[in-house]
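# Descriptive analysis of the structure
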Amino acid sequence: MQNLFSLENKAVVVFGGAGYLGKAVTRAILAHGGKVVVADANETAFGSGDFSDIRNHPNAVTLRCDMGRVADIQAAYNLCRERHGFFNGLVNLVYYGRQMTIETGTDEDVAFALEGGVGQVFRATREAVPYFKEKGGVIVNTASMYGLSTPDYRIYGNSGQNNPPGYGMAKAAVINFTSYSAANLAKYGIRVNAVAPGPVPDPAKNPPADFLGELAKKTMLGRVGKPEDLAGAFVYLLSDASAFTTAETLVCDGGWTKW
Amino acid sequence: MSLPASFSLSGKVVLQFGGTGHLGGALVSALASAGAALIVATRDKESVRDSVAQATQAGHAVFAEEADIRSEPSLHELRDRVLAAHGRIDGVVFNAVSRPMSGFDDDLAKWEMSMAVNATGFFAAARVFGDAMAARGSGSMVAIASMQGMVGPNFWLYDSPAAHPPPDYFFHKAGMINLTRYLAARYGPRGVRVNAVSPGGILNPAKPPSEGFLSRYGEMTMLGRMALPPEICGPVVFLLSDAASYITGANLCVEGGYTVK
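Here goes a summary of the coordinates provided. Note that the coordinates shown come from a computational prediction; the quantities given were computed from them, not determined experimentally.

### Points about the overall build of chain B
Each helix and strand in chain B was counted, giving seven helices and seven strands. Helices and strands appear in chain B in the N-to-C order β-α-β-α-β-α-β-α-β-α-β-α-α-β. Relative to a compact globule of 261 residues, whose C-alpha radius of gyration would be 18 Å, chain B shows 18 Å and is just as compact. Considering only C-alpha atoms, chain B reaches an extent of 50 × 45 × 40 Å along its principal axes. By sequence separation, contacts in chain B at least 24 residues apart represent 75% of the contacts at least 6 residues apart. Carbon and sulfur atoms provide 55% of the accessible area of chain B, an area that totals close to 10,800 Å². If the 21 positive side-chain charges of chain B are averaged to one point and the 22 negative ones to another, these points end up 6 Å apart.

Printed below as a string of structure tokens:
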């Protein structure tokens, strides 16, 4: 029972592992004994001061990765096998999209949002299957409260933080694709779940204070989330503590979607 | 850099309602192993003697207390005894259940007996201990609900009409899931998180169902089988722990994909 949440038997590729949420998730995986490949498009983040503990960790290795390129994704999986001897866990924290509105968005904007929100999730899953097929594996995708509910525009005002339509569209698709994959890949011993974070604004992006107050008010806990609040959910879903949990979206939103 | 999420229950005082049955015993062992000082509240101490003795032998701090959740004074006394002995309460697991009904055509008195424990008793206990934890400004409550609070029965699964599950369970487990959200909204601002865990069918190895049932049930899940008791315990430990610090009002399904298929 002591080791219920241990990840000592896991070698995990973390897509987006150098981001604001990704760093906390990566640290938590390492702290629970897991081995990690941090695959991130933002190569400069690997060199930053607050990444040095991960960069210097004996169980972590980094790789620049563009989720649009199959070869990059495969390279991350191969690197995991080469460096860690095996590969049986996948965490995908990546999202990319553009600002758009219903009235001004082009077909191309929508296609881009679906690619950055869910197309690359499909790609990462498809490419992992050959590696996981023999001995099983576990996949944790990242959804959002906005895959379950829709933005309340009253809180956005002129904050410049408006949430574009492509975001929720893609995140809802992540939730359904997660359960589809779980049903389809159970035969290979692959579990697939998602974490749906609530508001976890990055202070580096300088969100206005009054907007942060509005976000906090929409939660039952009365505060926005920190990356460390969510890291545990990823570790839990990667670990054998969740061995009978599949097709599930674990909502970590301080109660945002529950009232 | 902040510390990574902790799943440990060390230093936490946890109260578990309902310590018998194949899940109750597994929970006692899991919560104690995770480091909690555990108080098992039960109608009859004798019924949890073995699981408490086992955990104590393994070096864990486990205590049994008698209480009747149909009685508010009994719950108040339990709260006072636990606070006097341990000084605080950090977590509550609500695993008590009463199953007086055996079929759809039972006397309504049996429905009422069920509600006295499963509806009124759950609310009374959640209020007494929710208030106690809110007074200290932190805590986590986990209600053991069921996927049978989320979906209706599939009678095809069962060997005969006599084996059909009774209706009260589907009513009070659904109520438990939504009362969990109410409690989460009420206690969230005072630092208390409230969540549900909804297991699917749990295999009792001592009393396994028929081969036919196991095979039909397996088909309905994605993992092809019933759950084992320890598989329900990991999610409960997680929700009690600080690793779940931003999760409240949630219903965590542990049903091998049954309700999603």
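### Description of the interface of chain A and chain B
Each side of the interface is counted separately: chain A has 41 residues, and chain B has 40 residues. Contact between chain A and chain B buries roughly 3,400 Å² in total, counting both sides, with carbon and sulfur atoms accounting for 70%. For the interface between chain A and chain B, the tally reads zero salt bridges. On inspection of chain A and its partner chain B, the count reaches eight residue pairs in polar contact (both at pLDDT 80 or more).

### Some words on the nonpolar core
Membership of the largest hydrophobic core comes to 75 residues, with the highest contact counts inside it found for Ile29, Val91, Tyr236 and Leu250 of chain A together with Leu31, Val236 and Phe238 of chain B. Looking at which element gives the most residues to this core, the answer is helix α8 (residues 227-238) of chain A, with eight residues. When residues no more than four places from it in sequence are discounted, the contact partners of Ile29 of chain A are Leu7, Val12, Val14, Gly34, Val36, Val91, Val235 and Leu238 of chain A.

### Concerning the packing of helix α4 (residues 70-84) of chain A against helix α5 (residues 107-132) of chain A
Residues and elements named next belong to chain A. Direction vectors running N to C along α4 and α5 enclose 40°, while the axes themselves pass 10 Å from each other. In terms of orientation, α4 and α5 fall into the oblique class. Taken as a pair, α4 and α5 cross one another with a handedness that is right-handed. In this structure, α4 uses Val70, Ile73, Gln74, Tyr77, Asn78 and Arg81 to contact α5, whose residues at the interface are Arg123, Ala124, Arg126, Glu127, Ala128 and Tyr131. For the contact of α4 with α5, a count of residues per class yields six nonpolar, two polar and four charged.

### Examining the pattern of salt bridges
By the definition in use, this model includes 25 salt bridges over all chains. One salt bridge connects Glu65 of chain B with Arg81 of chain B, and the closest N-O pair in it is separated by 2.7 Å. Placement of Glu65 of chain B in strand β3 (residues 62-66) and of Arg81 of chain B in helix α3 (residues 72-86) is noted, with a sequence separation of 16 residues between them. Taking the relative accessible area as the measure of exposure, Arg81 of chain B reaches 31% and is therefore partly exposed. A salt bridge links Arg79 of chain B to Asp80 of chain B, with the shortest nitrogen-to-oxygen separation between them at 3.1 Å. Taking relative accessible area as the criterion, Arg79 of chain B reaches 23% and is therefore assigned partly exposed. Since its relative accessible area comes to 43%, Asp80 of chain B is described here as partly exposed. Look at the salt bridges and you will find they share partners, linking Arg98, Glu108 and Asp109 of chain A into a network.

### Section: helix α1 (residues 20-31) of chain A
Residues and elements named next belong to chain A. Here α1 contains twelve residues, and its C-alpha end-to-end distance of 17 Å stays within 8% of the 16 Å for a straight helix at 1.5 Å per residue. When you tally the buried positions in α1, you get ten out of twelve residues, the bulk of the element. Restricting attention to buried positions, one finds in α1 the residues Leu21, Gly22, Lys23, Ala24, Val25, Thr26, Arg27, Ala28, Ile29 and Leu30. Among the residues trailing α1, Gly33 stands out with phi positive, at a value near 95°.

### Section: the state of the cysteines
Scanning the model with the defined rule gives zero disulfides over all chains in all. With no disulfide partner, Cys65 of chain A has as its closest neighbouring cysteine sulfur the one in Cys80 of chain A, 13 Å distant. Here Cys233 of chain B is not cross-linked by a disulfide; its sulfur's nearest cysteine counterpart is in Cys253 of chain B, at 17 Å. Assessed through its relative accessible area of 1%, Cys233 of chain B is described here as buried.

### Brief notes about the packing of helix α1 (residues 21-33) of chain B against helix α7 (residues 229-240) of chain B
Residues and elements named next belong to chain B. Running from amino to carboxyl end, α1 crosses α7 at an angle of 50°, the nearest separation of the two axes being 9 Å. In this view, α1 runs oblique relative to α7, as classed from their interaxial angle. Of the two elements, α1 crosses α7, and the hand of that crossing is right-handed. Of the residues in α7, those touching α1 at His22, Leu23, Ala26, Leu27, Ala30 and Leu31 are Pro229, Pro230, Ile232, Cys233, Val236, Val237 and Leu240. The residue makeup of the contact of α1 with α7, split by class, is twelve nonpolar, one polar and no charged.

### Let's talk about unusual backbone geometry
Residue and element names in this part refer to chain A. Here the phi dihedral of Asn206 falls at roughly 50°; this positive angle occurs in a residue that is not glycine. Summarising the element assignment, Asn206 is placed in the loop between β6 (190-197) and α7 (209-217). The backbone of Ala247 shows a phi angle near 70°, a positive value even though the residue is not glycine. With respect to the secondary-structure elements, Ala247 resides in the loop between α8 and β7 (249-252). Classification of Ala247 as buried rests on a relative accessible area of 7%.

### Quick notes on the sheet that holds strand β2 (residues 35-40) of chain A
Residues and elements named next belong to chain A. The strand order β3-β2-β1-β4-β5-β6-β7 describes an open sheet built from seven strands, whose pairing is parallel. The sheet terminates laterally at β3 (60-64) and β7, the two strands that pair on one side only. Pairs of neighbouring strands in the sheet enclose a mean axial angle of 15°, with direction left out of account. Note that strand β5 (residues 137-142) and β6 share six bridges and pair parallel. Residue pairing across strands places Val138 opposite Arg191, the latter belonging to β6. α1 contacts β1 (11-15), β2, β3, β4 (89-92) and β6 of the sheet and is inclined by roughly 165° relative to β2. Across the sheet, helix α6 (residues 165-185) is in contact with β5, β6 and β7; its angle to β6 comes to roughly 160°.

Conventions used here
- Residues numbered from 1 in each chain as written.
- Chains lettered and ligands numbered in written order.
- Predicted model: local features only at pLDDT ≥ 70, side-chain atom pairs only at ≥ 80, totals over all residues.
- Heavy atoms only, no water.
- Helix = DSSP H or I, 4+ residues; strand = E, 2+ residues; numbered from the N terminus.
- Rg over C-alpha atoms; globule rule 2.2 N^0.38 Å.
- Contact = heavy atoms within 4.5 Å.
- Areas by Shrake-Rupley, 256 points an atom, 1.4 Å probe, with all protein chains shown as cover.
- Lys, Arg positive; Asp, Glu negative; His and termini not counted.
- Charge placed at Lys NZ, Arg CZ, Asp CG, Glu CD.
- Buried area = accessible area lost by both parts, 1.4 Å probe.
- Salt bridge = Lys/Arg side-chain N within 4 Å of Asp/Glu carboxyl O.
- Polar contact = N/O pair within 3.5 Å; in protein donor to acceptor, adjacent residues only side chain to side chain.
- Core = buried A, V, L, I, M, F, W, Y, C linked by side-chain atoms within 4.5 Å.
- Buried < 20%, exposed > 50% of the residue type's maximum accessible area, 1.4 Å probe, protein only.
- Axes fitted to C-alpha atoms, helices over the stretch in contact; angles between N-to-C directions.
- Parallel < 35°, antiparallel > 145°, perpendicular 65-115°, else oblique.
- Left-handed = near helix turned anticlockwise from the far one by under 90°.
- Nonpolar A, V, L, I, M, F, W, Y, C, P; charged D, E, K, R; others polar.
- Expected span 1.5 Å × (residues − 1).
- Disulfide = S-S within 2.5 Å.
- Pairing = 2+ DSSP bridges.

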